[in-house]
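# Topology and contacts: notes
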Amino acid sequence: MTRKLYLLTSCTALSFLLAGTVSARDVINENYSGKTNQAGGAFTFEPSEISKIENSSFENNTGISTGGAIQNQGNIDYIKGGKFVGNKSLNGGGGAIYSQNFTGTENNGRIGSVSNVLFSGNSATRLGGAIFHLSQQDIKIDSCVFENNSAGMGGGALNSGQYNGTGADIYIKNSRFTDNTSGYISDGGLGGGALRLD
């Protein structure tokens, strides 16, 4: 199968679940700092939620398993403005955001677009120092900065994987990736200091 990465000019982390009655939950002009949870240091979007995040700050939050700031199992329409700084996933992926399709519903684990957001100094022990994305839904990234994020295994800034054999197309425009780092596995199967696409 063919996956596409669109670098439209030059260019980290959350997690959600989707089932049952749909509800809306918007995060606008909010600040989350120093919070710790098992998954999603600041919070988790459940499968039934359709959400927007705008001009909000996530700093030094910790996901013990995944999603240093956000665990997304629902549907995020967009993330616009704000910053993710110093968040960490201690035993998994998505130093800032962990987003995965858990239920098989079409839009589950979706992040529609990310624009004008700073991802700096986020870390994950496994994949996706800033963002871990496991969904067939495409992502558009515009005018973002990814700097000094790190992942222990792959995708220092962004890791995007396949869901049931289908991966997302990633559109990146007017964004900058600087000094992001990743470890690797000895067989060469993982890595990617800035990006890893599976």
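Residues numbered from 1 in each chain as written. Predicted model: local features only at pLDDT ≥ 70, side-chain atom pairs only at ≥ 80, totals over all residues. Heavy atoms only, no water.

### Focus on the sheet that holds strand S7 (residues 57-59)
Reading across the sheet, the six strands line up as S3-S7-S11-S15-S19-S23 and stay open at both edges, with parallel pairing between neighbours. In the strand order of this sheet, the two ends are held by strand S3 (31-33) and strand S23 (176-178), each with one partner. The mean inter-strand angle of the sheet, taken between neighbouring strand axes irrespective of direction, is 5°. With three bridges connecting them, strand S15 (residues 118-120) and strand S19 (residues 145-147) associate as parallel partners. Paired with serine 120 across the bridge in S19 is glutamate 147. (Pairing = 2+ DSSP bridges. Helix = DSSP H or I, 4+ residues; strand = E, 2+ residues; numbered from the N terminus. Axes fitted to C-alpha atoms, helices over the stretch in contact; angles between N-to-C directions.)

### Comments concerning the environment of leucine 118
By secondary structure assignment, the location of leucine 118 is in strand S15. Between the C-alpha atoms of leucine 118 and glycine 82, which are 36 residues apart in sequence, the distance is 6.7 Å. Not counting residues within four places of it along the chain, the set of residues in contact with leucine 118 comprises Gly82, Lys83, Phe84, Val85, Val145 and Glu147. (Contact = heavy atoms within 4.5 Å.)

### Details of the sheet that holds strand S9 (residues 70-72)
The pairing of strands in a sheet comes from backbone hydrogen bonds and takes either a parallel or an antiparallel form. Read from one edge to the other, the open sheet built from six strands follows the order S5-S9-S13-S17-S21-S25, with strand pairing classed as parallel. At either end of the open sheet lies a strand with only one pairing partner, and these are strand S5 (43-45) and strand S25 (195-197). Each neighbouring strand pair of the sheet contributes to a mean axis angle of 5°, computed without reference to strand direction. Bridge analysis of strand S21 (residues 158-161) against S25 gives three bridges, and the strand direction is parallel. When the sheet's bridge partners are listed, serine 160 is paired in S25 with leucine 197.

### Comments concerning the pattern of salt bridges
Taken as a whole and judged by the stated rule, the model has four salt bridges. Between lysine 52 and aspartate 77 there is a salt bridge; the shortest N-O distance is 3.7 Å. One end of the pair, lysine 52, is in strand S6 (residues 49-54); the other, aspartate 77, is in strand S10 (residues 75-80), with 25 residues separating them in the sequence. Of the charged contacts in the structure, one is a salt bridge between glutamate 59 and lysine 83, with a shortest N-O distance of 3.5 Å. Note that glutamate 59 is positioned in strand S7 and lysine 83 in strand S11 (residues 83-85), a separation of 24 residues in sequence. (Salt bridge = Lys/Arg side-chain N within 4 Å of Asp/Glu carboxyl O.)

### A few points about the pairing of S10
As paired elements, S6 and S10 share five bridges and run parallel to each other. Bridge pairing in S10 links glutamate 54 to lysine 80. Sheet topology places S10 next to strand S14 (residues 110-115); five bridges connect them, and they run parallel. Bridging from a neighbouring strand, tyrosine 78 pairs with serine 113 of S14.

### Here's the deal with the packing of aromatic side chains
The final tally for this structure, using the stated rule, is nine aromatic pairs. Taken together, a centroid distance of 5.1 Å and an interplanar angle of 65° make the contact between tyrosine 32 and phenylalanine 43 edge-to-face. One end of the pair, tyrosine 32, is in strand S3; the other, phenylalanine 43, is in strand S5, and eleven residues separate them in sequence. Here tyrosine 32 and phenylalanine 43 have matching classes, each one buried. Among the aromatic side chains, those forming a connected cluster through ring pairs are Tyr32, Phe43, Phe45, Phe58, Phe84, Phe119, Phe146 and Phe177. A cation over a ring is seen here: arginine 25 above phenylalanine 43, with NZ or CZ 4.5 Å from the ring centre. Lysine 80 extends its terminal NZ or CZ atom over the ring of tyrosine 78, reaching a point 5.0 Å from the ring centre. (Phe/Tyr/Trp six-rings, centres within 6.5 Å; stacked < 30°, edge-to-face > 60°. Buried < 20%, exposed > 50% of the residue type's maximum accessible area, 1.4 Å probe, protein only. Lys NZ or Arg CZ within 6 Å of the ring centre and 35° of its normal.)

### Observations regarding unusual backbone geometry
Positioned with a positive phi, asparagine 29 is a non-glycine residue whose angle comes to about 55°. With respect to the helices and strands, the residue asparagine 29 is situated in the loop between strand S2 (23-28) and S3. With a relative accessible area of 56%, asparagine 29 lands in the exposed category. Its identity is not glycine, yet asparagine 148 carries a phi of approximately 55°, on the positive side. Turning to its location among the elements, asparagine 148 is positioned in the loop between S19 and strand S20 (150-151). On the basis of relative accessible area, asparagine 148 is assigned to the partly exposed category, the value being 44%.

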